Amino acid sequence: MMHVFNKRMRLMTSSAALALLLAAAPQAFAETPADTLVEGFAFDDIITLDPGEAFELSTAEITANSYSKLVALDPADTSKVIGEIADSWTVSDDGLTYTFKLKPGLKFASGNPITAEDVAYSFERAVKLDKSPAFLLTQFGLSGDNVAEKAKAVDEGTFSMTVDKPYAPSFVLNVLTSTVTSVVDKKVVVENAKAVTPTAEYKYDNDFGNEYLKTGYAGSGPYKIREWRANEVIVLERNDNFFGEKAKLARVIYRHMKESSGQRLALENGDIDVARNLEPGDVDAVAKKDGMATTEAPKSTIYYFSLNQKNPNLAKPGVAEAFKYLVDYDAIGETLIKGIGSIHQTFLPKGQLGALDENPYKLDVAKAKELLAKAGLADGFTVTMDVRNTQPVTGIAENVQQTLAQAGIKLEIIPGDGKQTLTKYRARTHDIYIGQWGSDYFDPNSNAETFTANPDNSDEGKTKTLAWRNAWDVPELTKETQAALLEKDSAKRAAIYEGLQKKVLETSPFVIIFQQTEVAGYSAKLKDFKLGPSFDTNFVYTVSKE
C-alpha cells in the first residue's frame, strides 16, 4: 500500500492538471496544460513495452519516441536510411559484415553512456528471448548460440554484425530500422533482470530484463516512458539527456479512447489535443469546425481477406479470382474507407520499392459466375468469414457478404475480438479471414515474404507466413522471393517484386482491398503536429503549442 501511495504522490507532484488527466474522468476540462500534449488513442493492442518483445502497431509509436536505434527510416524520403546512434557504416567486400561507428558522447536517459556493448547486448537479448519479432534478426543467421560472436562490440564505439548471406544492403539496413533493434541501457536492464531456472525450451538463467521492460524503461529517445496502465493511459516525459533535438513539450499523455465519436467530442471540448482514431464522418465534422484541423499520411498497412486453401471449394481453380470480381471496390472506397484509405489491390503498399499501383479488378458478377461455373460451383456454396469487431473490417465484410450472394455464395460472418480471430487464423482453421497487414520494416521483402513465400506447407511448418496460414503451397514463388534478397541492383530488385505482385494478383488466395491512410484531428493551437509514413515515424518531440 505504501508503494502505491508513494507512486501516486510522485505522479501528482508534476502538476494538478496532469493528475486530472491521468484520472481520465469523463467531464470536460477547461483545456489541456500548455506544456503537455494529450492524445486520444485506441491502444488496447499493447501487451508489452519491451522493444525486444513488442510487435504491435501502437507500441511501435511509443518505442519510436522513447528508444533509439543504430539507423532509422528517413521520414522525408522513405527510400533512404539515416544514422541515429550510428554516425557511419560500411559493408565488407564479401557483403557479410556490417560495421557501424557510433556517434561519440551519447547518453541514455539514465545518464549512462551509449556504447557498442549496449548495442551488442540489445541484439543478444532480442535473439535469446526469441519473442515474436526475433525472426527479424534470426533471418540473418543469428541464433542464441552464435549471436555473441556475430553481433558484437569491436571497441567502445564500434559495433559489427555478420550475416549468413550477401543480402542486398538496403534490405539489411531497412530491417535494422525495426523496433526489435532498439538499443537498451545494458546497465539498467541487467540490474533489473530476473533470475530464472533454465529449461529445455529456454536455456538461460535470467530473463534479460523482460519482465521489467514490459512496463519499465531503459532507452535514450526524446521522451522517456513514465507510466503505462493497460487500456487506460501512457505517459511520456521529456528526456533531457537526449542527444538530438530536444522535445518541445514536457510530456505526452495518451488516453485510451476506443470510440471515434468519443474522441471527436473530447477534442471539441478541449479535453484532448489530438484524436487519432476518427471514422470518416467524424473526420469531416472535425475538418469543418473552427479551431480544429486534420492531417493524414498514407501508411504501409493494407487490408485484405484471404481464402484458406484447405477448404476444397476455395482451392478450386478460378474460385479465388471469382472472389476478386465479387468485391464492390468503388462502393467501399466511396463510403467505408473514404478519407481513411484508398483502393489498392497489390501486396506492396505505395511508397515501397517495386510497388505496383494497378487495380485491375472491379465488381463483375457475370465474370465471377462464369469462373465459378468452370470450377463446378455454378450453384454456389456456403462459407464462413472470421471478422474482428472493429471498423472498417466489419462494414467491408457485410458489403462483401451482399455481393457474394449475387453469385450464389452464402457467406456466414463469424464475429470475434482480435485475439479470437487471429488465434483461429494462425492455426489455419478458418475458411476466410479479413484483416490488415502492416510492414515490419520499409523494405519490399517484409510484405513479399509473407504473401509469396511458404517454405514448408505442412501444419508443422516453422515459417508461418500469410501464405502458410492460408495453405498456399508455392515453391517457385518462394524461390523467387528468396532470390530477390540477394539482388543488389535496386532496379533489378524492383523488377522482381513487380513480377511477384502480378503473379499474386492473378493466382493467389489473397483479395487485397485497400491501403490505409492514417488520419488525425487536432487542435489548431498545436504546431508541427504531423503523421509519418509508418507507425514508428509518428514523432511527437517536434510538437509545440501556441
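If you're wondering where the values come from, they're calculated on a predicted model, not measured in any experiment.

Trainee: What is the right way to look at helix α3 (residues 57-66) in this model?
Mentor: In an α-helix, one full turn covers 3.6 residues, which means residues spaced three or four apart are oriented alike. Most of α3 is tucked away, with nine of its ten residues classed as buried. Buried residues of α3: S58, T59, A60, E61, I62, T63, A64, N65 and S66, and no others. Looking at the packing, one finds that the buried side of α3 touches β1 (36-41), β8 (223-229), β9 (233-238) and β10 (251-256).

Trainee: What's the story with the packing of helix α10 (residues 260-269) against helix α11 (residues 280-287) in this structure? I'm lost.
Mentor: In helix packing, the relevant descriptors are the interaxial angle and the interaxial distance, both defined with respect to the helix axes. With their axes 9 Å apart at the nearest point, α10 and α11 run at an angle of 10 degrees to one another. If you check the angle between α10 and α11, you find them roughly parallel. The two elements α10 and α11 meet at a crossing, and its hand is right-handed. On the side of α10, the interface is formed by S260, S261, R264 and L267, while α11 contributes D282, A285 and V286.

Trainee: Could you clarify how one ought to interpret the pattern of salt bridges in this entry?
Mentor: A side chain with one charge can pair with a side chain of the opposite charge if their charged atoms come near. Applying the stated rule across the entire model yields 31 salt bridges. Between D35 and R251 there is a salt bridge; the shortest N-O distance is 3.3 Å. Within this pair, whereas D35 is found in the loop between α2 (16-23) and β1, its partner R251 is found in strand β10, the two being separated by 216 residues in sequence. A salt bridge links D459 to R428; its shortest N-O distance comes to 2.5 Å. Note that D459 is positioned in the loop between α18 (445-452) and α19 (466-469) and R428 in the loop between α17 (418-426) and β16 (432-438), a separation of 31 residues in sequence. Judged by its relative accessible area of 4%, R428 is buried.

Trainee: Before we go on, may I ask you to explain the sheet that holds strand β7 (residues 158-162) in this structure?
Mentor: Strand pairing in a sheet relies on backbone hydrogen bonds, with the paired strands running either antiparallel or parallel. Spatially, the four strands line up as an open sheet ordered β4-β5-β7-β6, and their pairing is antiparallel. Edge strands, defined here as strands with exactly one partner in the open sheet, are β4 (86-91) and β6 (151-155). Across this sheet, the average inter-strand angle for adjacent strands is 25 degrees, counted without regard to direction. Two strands pair when backbone bridges link them, and β4 and strand β5 (residues 97-102) are joined in this way by five bridges, in the antiparallel orientation. If you follow S88 over to β5, its bridge partner there is K101.

Trainee: What should I look at first to understand the environment of A109 in this one?
Mentor: Residue placement: A109 occurs in the loop between β5 and α4 (116-129). When the C-alpha atoms of A109 and S544 are compared, they prove to be 21 Å apart, with 435 residues separating the residues in sequence. The residues contacting A109, other than those within four sequence positions of it, are Y217, G219, S220, K224, N239 and N241.

How each quantity is defined
As a convention, each chain's residues are numbered from 1 in the sequence order in which they are written. The predicted origin of the model limits local features to residues at a pLDDT of at least 70 and limits the giving and counting of side-chain atom pairs to 80 or more, whereas totals for whole chains, interfaces and linings rest on all residues. As a rule here, side-chain values come from all non-hydrogen atoms in the structure, and water together with hydrogens is ignored. Under the scheme applied here, a residue whose accessible area is under 20% of the maximum for its type counts as buried, over 50% as exposed, and between as partly exposed, the area being computed with a 1.4 Å probe on protein chains only. Put simply, DSSP marks the helices as runs of H or I at least four residues long and the strands as runs of E at least two long, and each gets a number from the N terminus on. Note on definitions: a residue-residue contact is assigned when non-hydrogen atoms from the two residues lie within 4.5 Å. Axis definition: a line fitted to C-alpha atoms, limited for helices to the stretch in contact. Angles are taken between N-to-C directions and run from 0 to 180 degrees. In what follows, roughly perpendicular refers to angles from 65 to 115 degrees, roughly parallel to angles under 35, roughly antiparallel to angles over 145, and oblique to any angle outside these ranges. Note on convention: near helix rotated counterclockwise from far helix by under a right angle means a left-handed crossing. Clockwise means right-handed. Any Lys or Arg side-chain nitrogen found within 4 Å of a carboxyl oxygen on Asp or Glu counts as a salt bridge. For two strands to be treated as a pair, DSSP must find no fewer than two bridges joining them.

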